[in-house]
Amino acid sequence: MTATPSEPTSSPSLNVSSVARDELDDERVVEPVIETVNLSVYYGAYEAVRNVDMVFGKNQITALIGPSGCGKSTVLRCFDRMNDLIPGARLTWKITYHGQDLYAPDVDVIEVRRRVGMVFQKPNPFPKSIYDNIAYGPRVNGWKVSNMDDLVEEALSRAALWDEVKDKLKDSAFALSGGQQQRLCIARCIAVEPDVILMDEPAASLDPISTAKIEDLMEELVKTYTIIIVTHNMQQAARVSDRTAFFTAEVDDEGERHGRLVEMDWTKRIFTNPTDQRTEDYVSGRFG
Ligand code: ADP
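Note that residues are indexed from 1 along each chain, following the sequence as it is written. Given that the model is predicted, a residue must reach a pLDDT of at least 70 before its local features are reported, and side-chain atom pairs must reach 80 or more before they are shown or counted; all residues, however, enter totals for whole chains, interfaces and linings.

J.: So what exactly am I meant to see when it comes to the overall build of the chain here?
T.: Secondary structure elements follow DSSP: runs of H or I no shorter than four residues count as helices, runs of E no shorter than two count as strands, and numbering proceeds from the N terminus. Along the chain, the regular secondary structure elements total eleven helices and eleven strands. With respect to the three principal axes, the spread of C-alpha positions in the chain is 60 × 40 × 35 Å. Here the contacts in the chain between residues at least 6 apart in sequence split such that 70% fall between residues at least 24 apart. With C-beta atoms placed from the backbone, a contact is any residue pair whose C-beta atoms sit within 7 Å.

Okay, here's the thing in structure tokens:
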């Protein structure tokens, strides 16, 4: 995937100060880790996401919500450059990571994927032992780890899985339950010391108890990491996130659908007093 450094087609101005504080009900600062500026994402000629300005704050959980097909996963996959792997995918205008252009020609994509980890809807452990799932990342990154056992324990502990697996580290990861496998995938992500964790419907395939464990875990993880989650579960977005971005799909004059950001704000505001009627309709269940 390439980024085309063309000039934005509509106002690209991202007034960070205007989103830095919620004047009504939240005094917290949004310290930008990832920002999109007039971002559009294409699959071939199809513009799946159009003109999106967003800021993702450090040590905050941001939820992306909206009906299916409005581009939430597409946007998420831009942040670890996973869309690079899709032939024909490209973006305009810009995504920055700690102020640097994420799509600049000299950016090391492998390093991006280490610093920006991804957890998928379906747990995808490697066909290896629990231990080797965690050790894999540091090994392929060529890290000189003085004590891999400690690193494995640390990652599993941070993912709230250590107590459940400490006596069976050499067992296959596939022997774990779905919820445990998902926490293993989170531990595998943590093991390479990321900065941002992307989660695409991380609890959609899990039972309610496993889902609650993942949500509890997110509350712990956000103290260290910046988390961006796509979820269809609005209660989950309301429970876990600090900020919420609501997307919808708009149909243009040619009848083509494009994902658009309707608004992004503190979660409390989005769910109780959103600015846009479309958000109100969606969060109150009248649409989508
Ligand atoms: P959401 O996550 O909100 O459900 P997606 O990002 O999956 O939405 O999809 C947004 C739009 O992009 C949809 O119209 C979808 O069909 C299209 N799309 C997603 N992935 C691809 C792809 N690999 N190739 C072509 N079109 C795609």
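Still more ground to cover, so stick around.
J.: Looking at this structure, how should I read helix 2 (residues 72–79)?
T.: Along an α-helix, a turn takes 3.6 residues, which lines up residues three or four apart on a common side. Field definition: a residue is buried when 20 or more other C-beta atoms are found within 10 Å of its C-beta, exposed when 12 or fewer are, and partly exposed for counts in between, with C-beta atoms placed from the backbone. Within helix 2, eight of the eight residues are buried, leaving the element largely enclosed by the surrounding structure. Within the sequence span of helix 2, burial applies to K72, S73, T74, V75, L76, R77, C78 and F79. Directly beyond the C-terminal end of helix 2, a positive phi value near 60° is found at R81.

J.: I keep staring at the nonpolar core and nothing clicks. Help me out?
T.: For soluble globular proteins, the rule of thumb is that nonpolar side chains tend to be buried together. Each nonpolar core consists of buried Ala, Val, Leu, Ile, Met, Phe, Trp, Tyr and Cys residues. Their C-beta atoms, within 7 Å, join them into a set. Among the nonpolar cores identified, the biggest contains 76 residues, and A187 and L198 are the most heavily contacted of them. If sequence neighbours within four positions are ignored, A187 has contacts with I134, A155, L156, R158, A159 and L161.

J.: I would appreciate a short explanation of the environment of L161 in the present structure.
T.: Positionally, L161 belongs in the loop between helix 5 (148–158) and helix 6 (162–165). When the C-alpha positions of L161 and I186 are compared, they lie 9.8 Å apart, and in sequence the two are 25 residues distant. Other than its neighbours up to four places away in sequence, L161 contacts L156, Q180, R183, L184 and A187.

J.: How do you make sense of the site of the ligand when you look at a structure like this?
T.: Around the ligand, a shell composed of Y43, A48, G66, S68, G69, C70, G71, K72, S73, T74, I86 and G259 is seen. Residue polarity is assigned by list, with Asp, Glu, Lys and Arg as charged and Ala, Val, Leu, Ile, Met, Phe, Trp, Tyr, Cys and Pro as nonpolar; anything else, Gly included, falls into the polar class. Grouping the amino acids of the shell around the ligand by side-chain chemistry returns four nonpolar, seven polar and one charged. Nearness is defined per residue: the C-beta atom, placed using the backbone, must lie within 6 Å of the molecule or strand.

J.: Any chance you could explain the pairing of strand 9 (residues 226–230) here in plain terms?
T.: The side chains of a regular strand alternate between both faces of the sheet. Where burial is concerned, most of strand 9 is hidden: five out of the five residues are buried. Burial along strand 9 is two-sided: T226, I228 and V230 facing one way and I227 and I229 facing the other are all buried. A pair of strands is treated as paired once DSSP finds two or more bridges between them. As paired elements, strand 4 (residues 61–65) and strand 9 share four bridges and run parallel to each other. Opposite L64, over in strand 9, you have V230 as the bridge partner. With five bridges connecting them, strand 8 (residues 196–200) and strand 9 associate as parallel partners.

J.: Quick question: what am I supposed to make of helix 4 (residues 130–140) here?
T.: Regarding helix 4, the residues found buried are I130, N133, I134, A135 and G137. Residues of helix 4 that are buried make contact with helix 5, helix 6 and helix 7 (178–190). One or two positions beyond helix 4, positive phi appears at G142, with a value near 70°.

J.: Sorry if this is basic, but what is going on with the environment of R77 here?
T.: Its location among the elements puts R77 in helix 2. The buried category is assigned to R77, around which 21 C-beta atoms lie within 10 Å. Linking R77 and D53, residues 24 residues apart in sequence, is a C-alpha distance of 16 Å. Apart from residues no more than four positions distant in its own chain, R77 is found in contact with M82 and N83.

J.: Would you mind going over the packing of helix 4 against helix 5 with me for this structure?
T.: What describes two packed helices is the angle between their axes and the distance between those same axes. Where helix 4 meets helix 5, the axes come as close as 9 Å, and the angle between the chain directions of the two elements is 110°. Looking at the two axes, helix 4 sits roughly perpendicular to helix 5. Between helix 4 and helix 5, the residues in contact are Y131, I134, A135 and P138 and M148, L151, V152, A155 and L156, respectively. Here the contact of helix 4 with helix 5 is composed, by residue class, of nine nonpolar, no polar and no charged. Here an angle of 0 to 180 degrees is reported between the N-to-C directions of two axes, which are lines fitted to C-alpha atoms, with helices fitted over the stretch in contact. Put simply, angles under 35 degrees are roughly parallel, angles over 145 are roughly antiparallel, angles from 65 to 115 are roughly perpendicular, and the rest are oblique.

J.: Got a minute to help me understand unusual backbone geometry in this structure?
T.: Glycine aside, a negative phi is what most residues show, and trans is what most peptide bonds show. In this structure, the amide linkage connecting T92 to the following residue, W93, adopts the cis form with an omega of 0°. Turning to its location among the elements, W93 is positioned in strand 5 (residues 89–97). Of note, N59 is a non-glycine position whose phi angle comes to about 55°, a positive value. Its location among the elements puts N59 in the loop between strand 3 (46–57) and strand 4. Residue N59 is classed as partly exposed on the basis of its 15 C-beta neighbours within 10 Å. Unlike most non-glycine residues, A160 shows phi in positive territory, near 55°.

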